[in-house]
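# Architecture and fold: a report
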Amino acid sequence: MSHPADTPSIPLAPEVLRNATLPDGRRADIHLAEGRITALVDQPDKPDHPRRPDVGPGRTAGPGSIDLEGALVLPALVDGHAHLDKTLLGALWQPHPTSATLREHIANERALRSSVEVSVTDRATALAHRMVSLGTGHVRSHVDIDPDVRLDGLHALAEVREKFRDRLGIQIVAFPQSGVVTAPGVADLLDAALAEGADLIGGLDPAGFDHDVDGQLDIVFGLAERHGAGVDIHLHDGGETGTRQLRAIAERTAALGLDGTVTVSHAYALGEVDATELDRTATALATAGVAIMTNGPRHSMPPVLRLRDHGVRVFAGSDNIRDTWWPYGTADMLERATIIGLQGDLMTDDELRHAASMVTDEAAAALRLDGYGLAPGCRADLVVIAAGGVAEAVAAHPRRLLVLHDGQVVGPAPEPDFPNFPDLPTFSVPGGDASAPQGER
């Protein structure tokens, strides 16, 4: 569909979204004012399972109203883990570099990022634009802080955060991609990053990369305590090496009273250990209030449902999108829920609804978003989806029909022209159109 701003019949700050299908299957009118949901008015005469909305919203039902014709409405999607500074979206396609170790991969990335002609700001802008159009209202983005880029990436993402402040909430994690203990000066750079606008402090494989679990965690949790910041640590270390670190993180979280502010991203070890080790570690995480982020990896995915049953909050993030780490990625968080469902063997409607919660309610809680939800008093950050229910939205790759942020229509929008490709070569063919580009005859 065209950008709603180009459609005169759609108000850009609607007062009522009529005939919406809510996540619980009810049909209701959603009343909005001053960027908030003011009321949900049930429509009892509407069927519980409306016809599939193939056309989407656009028909007005009075001044300031939009008739959704039964389309599903969810609170805005939440991407709990991204790397806006790393994406190559917006630049010419780059062949994926291969590497045997994590350190080799970091070196490859460092070499490539110095040669890409499109700036971090422009690439991050292209990705943020796509996120908004697909219904993401909030994202937590890690940004590299290391002796090479220092705080340059942070400053670029702070600029993007300000540019998108009316369309997309962006949290920034100061991420030590080159290590903490083994990279001279990084601890001071992380301290400076938190002072200059980063929201959280990150970490990276305390055992596997820094070879000093206590040394890295002393710095990370010390900075978190000093700045009153949250913590989000990348942990790829597998097996019992990984679960020991998870319990060490949980112990520090509990000791400092940081319940609800600490996340471990990836936590592959939880998908690799036996049931006894898993249950022991899950109990420690749940007791301390440490959340787990997964992107549905092709191997060693944390067991989502078993962790849920232990009381561990598990939520989703896209992780890498079109960068040197991963050539794939669309920024579509419903697609990410699909991937997690496939990897985790989530098949029933209840399980598909849980997958959806990982990109909505669970992610919002992990990010500690104020006013998130679909109830009176919540922020009017909403996405309208061409589906008749939540399970279908996860399974069917549906279109986004309307995106609102603070009650304002902000999407979907056509893709921007990134990059501006040069004109294709022309050639002359007897009797043909000499101006036609190659391949279009």
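Structural data are supplied above this passage.
This is a predicted model, so every value here is computed, not measured. (Residues numbered from 1 in each chain as written. Predicted model: local features only at pLDDT ≥ 70, side-chain atom pairs only at ≥ 80, totals over all residues. Heavy atoms only, no water.)

## Remarks on the packing of helix 6 (residues 239–255) against helix 7 (residues 275–288)
In plain terms, the rule: Between the N-to-C directions of two axes lies an angle of 0 to 180 degrees, each axis being a line fitted to C-alpha atoms and, for a helix, fitted only over the stretch in contact. Strands are runs of DSSP state E lasting at least two residues, helices are runs of H or I lasting at least four, and both sets are numbered from the N terminus onward. Angular relationships are summarised with four words: roughly parallel below 35 degrees, roughly antiparallel beyond 145, roughly perpendicular across 65 to 115, and oblique for the angles in between. If you view the pair so one helix is near and one far, a crossing is left-handed when the near helix is turned anticlockwise from the far one by less than a right angle, and right-handed when it is turned clockwise. Whether two residues are in contact is decided by their heavy atoms: any pair within 4.5 Å suffices. Three residue categories are used. Nonpolar comprises Ala, Val, Leu, Ile, Met, Phe, Trp, Tyr, Cys and Pro, charged comprises Asp, Glu, Lys and Arg, and polar comprises the others, including Gly.
It is the contact of helix 6 with helix 7, at a shortest axis distance of 8 Å, that shows an interaxial angle of 20°. Our classification of the angle between helix 6 and helix 7 gives roughly parallel. The interaxial crossing formed by helix 6 with helix 7 has left-handed handedness. Along its contact with helix 6, which presents E240, T243, L246, R247, A250, T253 and A254, the element helix 7 presents E277, R280, T281, A284, L285 and A288. Counted by class, the contact of helix 6 with helix 7 contains 6 nonpolar, 3 polar and 4 charged residues.

## Concerning the nonpolar core
Quick reminder of the rule: Each nonpolar core is a collection of buried residues, namely Ala, Val, Leu, Ile, Met, Phe, Trp, Tyr and Cys, held together in the definition by side-chain atoms within 4.5 Å. The rule is simple: take the accessible area with a 1.4 Å probe, protein chains only, and divide by the maximum for that residue type; under 20% is buried, over 50% is exposed, in between is partly exposed.
If you look at the biggest cluster of nonpolar residues, it comprises 85 residues, and the most contacted ones within it are M131, I145, F221 and I292. Of the residues forming this core, the biggest block, 6 residues, is contributed by helix 2 (residues 120–133). Each residue touching I292, except ones within four places of it in the same chain, is listed here: L246, V264, A267, L270, L285, P302, V312, R313, V314 and F315. Ranked by size, the runner-up nonpolar core spans 22 residues in total, among them A20, I66, V384 and V409.

## Concerning the pattern of salt bridges
One side chain can pair with another of opposite charge once the charged atoms of both are near each other. As a reminder, the rule being used: Every case where a carboxyl oxygen of Asp or Glu lies within 4 Å of a side-chain nitrogen of Lys or Arg is listed as a salt bridge.
Counted according to the given criterion, the structure contains 19 salt bridges. Put simply, D144 and K86 hold a salt bridge, and the shortest N to O gap is 2.9 Å. With D144 in strand 7 (residues 136–144) and K86 in the loop between strand 6 (77–82) and helix 1 (102–113), the pair connects residues that are 58 residues apart, well separated along the chain. A relative accessible area of 2% means that D144 is categorised as buried. Accessibility expressed as a relative area gives 6% for K86, which makes it buried. One salt bridge connects R280 with E277, and the closest N-O pair in it is separated by 3.8 Å. Here R280 and its partner E277 are both found in helix 7, 3 residues apart, which amounts to about one turn of the helix.

## Focus: the sheet that holds strand 7
Inclusion rule: The rule for pairing is simple: two strands pair if DSSP sees at least two bridges between them.
Strand order in the open sheet made by the 8 strands is 6-7-8-9-10-11-12-13, with parallel pairing throughout. The open sheet has two edge strands, strand 6 and strand 13 (314–316), and neither has a second partner. Neighbour to neighbour, the strand axes of the sheet diverge by 25° on average, direction disregarded. Where strand 11 (residues 262–266) meets strand 12 (residues 290–294), 4 bridges bridge the pair, whose relative direction is parallel. For V264, the partnering residue across the bridge sits in strand 12 and is I292. Sheet strands touched by helix 3 (residues 152–163): strand 7 and strand 8 (169–175). Its angle to strand 8, the strand with the most contacts, is close to 175°.

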